[in-house]
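Below, each chain spelled out in residue letters.
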Number of protein chains: 2
Amino acid sequence: MDWQEISGGVTAPRGFRAAGITAGLKASGLPDLALILSDVDAIAAGVFTTSQVRAACVEYCRQQLAVKPSARAILCNSGQANAATGEGGWEDAIASANSLAGALNIAPEAILLASTGVIGQRIKMDALIAGIPRLVAAAAPDGGDTAAKAIMTTDLVSKSIALEMMLGDRVVRMGGMAKGSGMIHPNMATLLAFVTCDAAVSTTLWQQMLGRAADKSFNQITVDGDTSTNDTLIALANGESRTPAIVQPGAEADKLEAMLTAVCQYLAKSIARDGEGATCLIEVQVSGTPTDREARQIAREIAGSSLLKAAVFGHDPNWGRIAMAAGKAGVPFDQNNLAVSLGEIQLMANGQPLAFDRVAASNYLKAASQGEYLKTDTVLISVSVGNGHGTGIAWGCDLSYDYVKINAEYTT
Amino acid sequence: MDWQEISGGVTAPRGFRAAGITAGLKASGLPDLALILSDVDAIAAGVFTTSQVRAACVEYCRQQLAVKPSARAILCNSGQANAATGEGGWEDAIASANSLAGALNIAPEAILLASTGVIGQRIKMDALIAGIPRLVAAAAPDGGDTAAKAIMTTDLVSKSIALEMMLGDRVVRMGGMAKGSGMIHPNMATLLAFVTCDAAVSTTLWQQMLGRAADKSFNQITVDGDTSTNDTLIALANGESRTPAIVQPGAEADKLEAMLTAVCQYLAKSIARDGEGATCLIEVQVSGTPTDREARQIAREIAGSSLLKAAVFGHDPNWGRIAMAAGKAGVPFDQNNLAVSLGEIQLMANGQPLAFDRVAASNYLKAASQGEYLKTDTVLISVSVGNGHGTGIAWGCDLSYDYVKINAEYTT
């Protein structure tokens, strides 16, 4: 890896400020309004939910980025998702952008929006509008961490990261923050992720890089197979690193894309690990397919199997469920080539079960559930389905009683 | 409906006998070997798992039916799935068929096989072979119910049905039995269903009817989104009703297909209701799509949503999750046309939430969880997404603590 981890989250790159405040949108009194602000126009790329039921803020961002792929600011509220809120919800989105534009003295077109919270609830606009001047005043070059906290709903931990590396003879930095997968208050379910970068890069390349990075990160995690109405990933690049502009594919572009992928994967893994009721992270590595796409598809199918997830929670080295899940991914392969390992323990080869130390395998699962967040709490499942060169990784978490408990509680 | 329900299960149609015995394949000592026998050659149609990892018996049936779509007998064992058992498992399948063929004095090609149980375990062949003479001797014209019991694994109830109706001036009968969705001993997960019929119908029509019936029944149920290595649906028609042969589409063929669909739907609903840990049946009716296929797709996506299933378990009328699940089905629709009802209570219209009696809605869910099996224990969710003429139904069950408990227990 060419980069090293630094502190600061989304404000680590030069020319970015951020803030998070309690505007009064959440009943809990916890921070609920976040701002990411670039000192200059940043090029902006976005990836959004594929759902047919999309929040007003998602529609708003899609329209803005289609007209002009650049932005100065991202405003994100938690508490209300502003999804399935009809015309009124759309007007709230416009009003939010206009209010922030006025406070920043910039054009409303330079603002992107995101929301997370209860579906079908309108944003508490009085509180949001009243909070905006305070939010703008709070925006600071070290505000990344407070912004990351203000977009949490029922996440147990806030999720942010920053990396830096040399590009030519200058330092380029990238920061990211995300939320997702907590759900104590039913109806909440959203993945939001924001990446900042001070590299200079062309709009087209940046959007392509983000799409590919999303395919290898956020599109490869699963907690419960349910897709939110509000899923949003936005990446800003403002050029403030003064590194040479990257305008075509090549070694420099590859380095930047690798860094972007690393940031997205870190955030994606953080979300999977913080899945509702989860006791560990599950990483599924698949190889042997003709292309990477097919390997990713099988990996995600395995990571999403309820039966496998429950077995991991029960520390049960139940390899039959891994074979079952691989088989149903819709990717053709010869079952006589199937091989499965759990950590270092091989469970299956040539499509047939191997004798293995069941107690050691169970202890491996037990150790993961007692491990340290994102460090030693990972269950590694390796699957090979043939001789192809394709590889892919997916991440998920186990299925525990708490998942049911969290999601069965009354809204009322 | 043209038909009425009668007793007898798979032996209700003329010319069928059946038996179920304890051969000693299961440690529990419960019945574990079943036989369905037609007095004469019956045409046979089959629908099998789409998984890339398929049990030996599935491969065996696919090959047999490809060569000659007829059969005299179906042999089904529970206890071991004979999946992921390699060459040895294939030899076990051949030996099972040969043994039964010898006892019945018919060709091995006239026998179809099915297995359910632990993946990766070979069938206890000594016990099976020793049991076959006893099984053949026990085959009786009233043996449908004992056969239905012998294919259970951890099902809480056995599942069988029989219908009869007039076709021309003669009575035609159809019977069915199925198992699925119980899973106390991990690694077990199989849907098996067998239909018998004494109508005379052409092979081509019968296979077409079965494919369409499966699409409206077994392919529309979901318990946990996991597809078994052994899923098998076989339908036999032996002509013993002496009704005129149905050899082309028309009113008679439509009547028979409607009856076949009814049998398949009854069995499919029985399996969904008996899903692991389930407290109720969830029926999702979708309308307003361009074609039926799209409606079925949305219905199944909603019935399979973990979040919705957990909400139903918690008696939480959480309509946002229904909208979310509809949106992620991969079927395009205008979210402003979305309407959602729970029983008689309308929750959402024109893509926006309605005010509704939350207590009444919660009580509706509560009543279902206390209702009688397959009678008053159904939660009805109706969704409309537009003005098209397509309709579709799917069935599922709620997600409870017991689902996690059942599947987190140790195999060892």
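Criteria and cut-off values
- Here the residue numbers are simple positions, counted from 1 along each chain's written sequence.
- Chain letters and ligand numbers both follow the written order, the letters beginning at A and the numbers at 1.
- In keeping with the predicted nature of the model, local features appear solely for residues at pLDDT of at least 70, side-chain atom pairs appear and are counted solely at 80 or more, and the whole-chain, interface and lining totals rest on all residues.
- Side-chain metrics rest on all non-hydrogen atoms present in the structure, leaving aside hydrogens and water.
- UniProt positions are given in the numbering used here, feature names are shortened, and annotations may be inferred rather than shown by experiment.
- Comment: elements are numbered from the N terminus, with helices defined as DSSP H or I runs of at least four residues and strands as E runs of at least two.
- For every residue, the accessible area (1.4 Å probe, protein chains only) is compared with the maximum for its type, and the residue is labelled buried under 20%, exposed over 50%, or partly exposed between those bounds.
- A 3.5 Å cut-off defines polar contacts: any pair of N or O atoms within that distance qualifies, except that in protein one atom must be a possible hydrogen donor and the other a possible acceptor, and neighbouring residues in sequence count only when both atoms are side-chain atoms.
- Between the first and last residue of a helix there are one fewer steps than residues, each counted as 1.5 Å, and that sum is the expected span.
- Residue contacts follow a heavy-atom distance rule, with two residues in contact if any of their heavy atoms lie within 4.5 Å.
- Definition of nonpolar core: a set of buried residues of the types Ala, Val, Leu, Ile, Met, Phe, Trp, Tyr and Cys, connected through side-chain atoms within 4.5 Å.
- What sets the superposition is a least-squares fit of C-alpha atoms, and only residues with pLDDT of at least 70 in both copies go into it.
- Defined here as a combined quantity, buried area equals the accessible surface (1.4 Å probe) lost by two parts on assembly, summed across both.
- Within this document, salt bridges are pairs made up of a side-chain nitrogen of Lys or Arg and a carboxyl oxygen of Asp or Glu, the two lying within 4 Å of each other.
- Ten residue types, Ala, Val, Leu, Ile, Met, Phe, Trp, Tyr, Cys and Pro, are classed as nonpolar, four, Asp, Glu, Lys and Arg, as charged, and the remainder, Gly among them, as polar.
- Paired strands are those between which DSSP finds at least two bridges.
- Here, axes are lines fitted to C-alpha atoms. For helices the fit covers the stretch in contact, and angles between N-to-C directions go from 0 to 180 degrees.

K.L.:
Can you help me understand the UniProt feature "binding site: substrate" (unreviewed entry) in chain A in this one?
P.N.:
All names here are of chain A. In the numbering used here, UniProt assigns the feature "binding site: substrate" (unreviewed entry) to Thr 153, Lys 179, Thr 190, Glu 276, Asn 407 and Thr 412. Secondary-structure assignment places Lys 179 in strand S7 (residues 170–179). Among the residues examined, Lys 179 registers a relative accessible area of 0% and is labelled buried. At 2.8 Å, the side chain of Lys 179 and the side chain of Thr 116 are in polar contact.

K.L.:
When you look at helix H7 (residues 292–303) of chain A in this model, what are you seeing that I'm missing?
P.N.:
Every α-helix winds through 3.6 residues per turn, so residues three or four apart in the chain are directed the same way. Residue and element names in this part refer to chain A. The terminal C-alpha atoms of H7, which comprises twelve residues, lie 16 Å apart, in line with the 16 Å expected from a rise of 1.5 Å per residue. Within H7 the residues assigned to the buried category are Glu 294, Ala 295, Arg 296, Ile 298, Ala 299, Ile 302 and Ala 303. Looking at the buried positions of H7, the neighbouring elements they touch are helix H5 (203–215), strand S10 (281–289), helix H8 (306–313), helix H9 (319–327), strand S14 (378–384) and strand S15 (390–397).

K.L.:
How should the nonpolar core be read in this particular structure?
P.N.:
Soluble globular proteins: nonpolar side chains tend toward being buried together. The biggest cluster of nonpolar side chains holds 197 residues, and the ones touching the most others in it are Phe194(A), Ile302(A), Leu338(A), Phe194(B), Ile302(B) and Leu338(B). Residues contacting Leu338(A), with those up to four places away along its chain left out, are Ala323(A), Ala326(A), Phe333(A), Met348(A), Ala349(A), Asn350(A), Gly351(A), Val383(A), Ser384(A), Val385(A) and Val53(B).

K.L.:
Sorry if this is basic, but what is going on with the relation of the copies chain A and chain B here?
P.N.:
In this structure, two copies of a chain are linked by a rotation about an axis accompanied by a shift along it. Superposing chain A onto chain B requires a rotation of 180 degrees together with a translation of 0.0 Å along the rotation axis, leaving an RMSD of 0.0 Å. Interpreted geometrically, this transformation is the action of a two-fold axis. Every residue of chain A has its C-alpha some distance from the rotation axis, and the shortest such distance is that of Tyr401(A), at 2.8 Å. Taken together, the interface assignments show that 100% of the residues at the interface of chain A recur at the interface of chain B, consistent with an identical surface on both copies.

K.L.:
Explanation requested: the interface of chain A and chain B in the structure shown.
P.N.:
Accessible area lost when the parts come together is the quantity often used to give the size of an interface. The interface is formed by 63 residues belonging to chain A together with 63 residues belonging to chain B. The junction of chain A with chain B conceals about 4800 Å² of combined surface from both sides, 55% of it contributed by carbon and sulfur atoms. At the surface where chain A touches chain B, the tally comes to zero salt bridges. Of all the elements in the fold, those that place two or more residues in the side of chain A that touches chain B are helix H2 (86–104), H8, H9, strand S13 (352–353), helix H10 (358–369) and helix H11 (401–408) of chain A. By residue class, the composition of the side of chain A that touches chain B is 25 nonpolar, 25 polar and 13 charged.

K.L.:
Mind showing me how you'd approach helix H1 (residues 56–67) of chain B here?
P.N.:
Residues and elements named next belong to chain B. If you check H1, its first and last C-alpha atoms are 17 Å apart, about what twelve residues at 1.5 Å a residue would give, namely 16 Å. For H1, the full list of buried residues reads Ala 56, Cys 57, Val 58, Tyr 60, Cys 61, Gln 64 and Leu 65. Considering only its buried residues, H1 is in contact with strand S3 (33–48), helix H2 (86–104), strand S5 (111–118) and strand S9 (232–237).

K.L.:
Is there a simple way to explain the sheet that holds strand S12 (residues 345–349) of chain B in this structure?
P.N.:
The pairing of strands in a sheet happens through backbone hydrogen bonds and is either parallel or antiparallel. Residues and elements named next belong to chain B. Spatial ordering of the open sheet is given by S13-S12-S11-S14-S10-S15, a layout of six strands whose pairing is mixed. The strands lining the two open edges of the sheet, one partner per strand, are strand S13 (352–353) and strand S15 (390–397). By the bridge criterion, seven bridges tie strand S10 (residues 281–289) to strand S14 (residues 378–384) in an arrangement that is parallel. Pairing of Glu 283 across the sheet is with Leu 380, part of S14. Its contacts with the sheet place helix H9 (residues 319–327) against strand S11 (339–342), S12, S13 and S14, and it is angled at close to 55 degrees to S12.

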